[in-house]
Amino acid sequence: MRTTELVDGFRHSAPYVNAHRGKTFVVMLGGEALAQNQFRGILNDVALLHSLGIKVVLVYGARPQIDAALAANGIEPAYHEGVRITDEDSLKVIKQVAGALQFDITARLSMSLSNTPMQGAQINLVSGNFVIAQPLGVDNGVDFCLSGKVRRIDAQGLKRQLDNHCIVLMGPIAASVTGESFNLTAEEIATQVAIKLKADKMIGFSSQNGILDRNGDVIAELMPNDAQNILNKLAEQGSACIGTMAFLKASIDACRNGVPRCHLVSYLDDGALLQELFSREGIGTQIVTESAERLRRASISDIGGILNLIRPLEEQGILVRRSREQLEIEIEQFMLIERDGLVIGCAALYPFEEDNAGEFACLVVHPDYRDADRGSLLLKNIIGQARSRGYSRLFALTTRSIHWFLEHGFVIEDVDALPQKKKQLYNYQRRSKILALDL
């Protein structure tokens, strides 16, 4: 990596480091992820999140490991409606598997960091009876025996450990109030923990970087209802990974119960977790309660973000330079597109009431986000504002984007077509093209 790439990457990740610090993430590692060689790298990345001030609850599953252990012990797995039936002999094996995985994860997070980016970091890992279980009971005459579900989460106990800078590790075995042990799904535990803690994110892993569309491309963002439709189709096709479907269902439940975002990334791609959390576009699929991106009116607190966006174009001479003081005066004229708290696009509508016209100005979209026609979104909003004010015309001055305006219905006009006040300010040295749109 060239020095400039390293510096750019570090600078681009800095806003996310600041945004995530102090937040609570529930990370669910299914048994499929634990079986991969990349498992160690994922744990190192989880430790890195912890070192950046993120509160981490790590929930692990063991579905494939349990199936293999049961087979090795001559026990035939039994299921009803896709849920494992756990008898006493099965539970003994499941306890052994879950316990071994817990010690393995603990060892890797405690002792195997000496040759990793987390060398020298002190990580306190705790486990405990934070989940109280209850039996699933009987369904249509089928007794689930020692398969259970979450009855209660000790949210306060979890918060105390997280506030003490510990990573909390939770497995698929939980005890009931009567002292019995039950086998639960990691997805349910992760979901209920995320809901009760009011976590900021729940993160899971699959063999692919999220949910793919028909063309094999990752779907970056899904609302719960859209995710439910995809889940229904995957269930009909029967081709999706069981772990992927389980986490998708868990994400839908979590989002509908107040968890803002759930992320699904690949356990096969090195650093997928970090790319998802600390880059602008991410790498996987987010299931969200509201879009990570929104169009809104700018306020004084957005001036820094707008300046960061427009300065490069001002330095290239593409935009006329605006001072911070000028922006403070004009800020109410600006609309912006915000993503994850970052300003990635802006445009302004300057009024010329006496001429019943408005100027569409300062259209900028961050270079990393110019592939989704966000400029057209800003233009459409400004046109709507202009029409609501009763303007008959919208005009713009540009030196580089002539064809873009023509494609959006503008026509080229001469200087005399400008409102008188704007005509007096016209810079003949810049020789900006004048384009107008009748409303």
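The shown structure was predicted, so the numbers you read here are calculated from the model rather than taken from an experiment.

Q: Which residues make up helix H6 (residues 155–163), and what are the values?
A: Residues of H6 that are buried include every one of Ala155, Gly157, Leu158 and Leu162, and no others. Buried positions in H6, seen along its axis, are confined to an arc of 165 degrees and lie on one side of it. Those residues of H6 that are buried are in contact with strand S1 (24–29), strand S2 (55–60), strand S9 (148–153), strand S10 (166–170) and helix H7 (186–197). Residue His165 follows H6 closely and has a positive phi angle near 65 degrees.

Q: Quick one: what's the story with the pattern of salt bridges, residue by residue and with numbers?
A: Side-chain pairing between opposite charges can occur once the charged atoms of the two side chains come close. According to the stated counting rule, one finds 15 salt bridges in the structure shown. Across the pair Glu338 and Arg296 runs a salt bridge, and its minimum N-O distance is 3.0 Å. With Glu338 in strand S18 (residues 334–339) and Arg296 in strand S17 (residues 293–297), this residue pair connects regions lying 42 residues apart in the sequence. The closest approach of N and O atoms between Arg393 and Asp438, which form a salt bridge, is 3.7 Å. With a gap of 45 residues between them, Arg393 in strand S21 (residues 393–398) and Asp438 in strand S23 (residues 433–438) connect regions that are remote in the sequence. Assessed through its relative accessible area of 63%, Asp438 is described here as exposed. Overlapping salt bridges bring together Arg294, Arg296, Asp302 and Glu338 as one network.

Q: Now, about the pairing of S2: what can you tell me, with residues and values included?
A: With five of its six residues buried, S2 lies for the most part within the structure. Here S1 runs beside S2; their pairing, made up of six bridges, is parallel. Bridge assignment links Leu29 to a residue of S2, and that residue is Tyr60. Pairing analysis gives three bridges linking S2 to S10, with the strands arranged parallel. The partner of Val59 across the bridge, within S10, is Met170.

Q: How would you summarise the packing of H7 against helix H9 (residues 242–256) if you had to cite specific residues and measurements?
A: As a packed pair, H7 and H9 sit with axes 9 Å apart at the nearest point and diverge in direction by 20 degrees. Between H7 and H9, the crossing angle belongs to the class labelled roughly parallel. Pair H7 / H9 crosses with right-handed handedness. Listed contacts from H9 to Glu187, Thr191 and Ile195 of H7 are Gly243, Ala246, Phe247, Ala250, Asp253 and Ala254. Residue classes in the contact of H7 with H9 are distributed as five nonpolar, two polar and two charged.

What counts and how
- Residues numbered from 1 in each chain as written.
- Predicted model: local features only at pLDDT ≥ 70, side-chain atom pairs only at ≥ 80, totals over all residues.
- Heavy atoms only, no water.
- Buried < 20%, exposed > 50% of the residue type's maximum accessible area, 1.4 Å probe, protein only.
- Helix = DSSP H or I, 4+ residues; strand = E, 2+ residues; numbered from the N terminus.
- Arc of directions from axis to C-beta.
- Contact = heavy atoms within 4.5 Å.
- Salt bridge = Lys/Arg side-chain N within 4 Å of Asp/Glu carboxyl O.
- Pairing = 2+ DSSP bridges.
- Axes fitted to C-alpha atoms, helices over the stretch in contact; angles between N-to-C directions.
- Parallel < 35°, antiparallel > 145°, perpendicular 65-115°, else oblique.
- Left-handed = near helix turned anticlockwise from the far one by under 90°.
- Nonpolar A, V, L, I, M, F, W, Y, C, P; charged D, E, K, R; others polar.

Keep in mind these numbers describe shape, not what the thing actually does.
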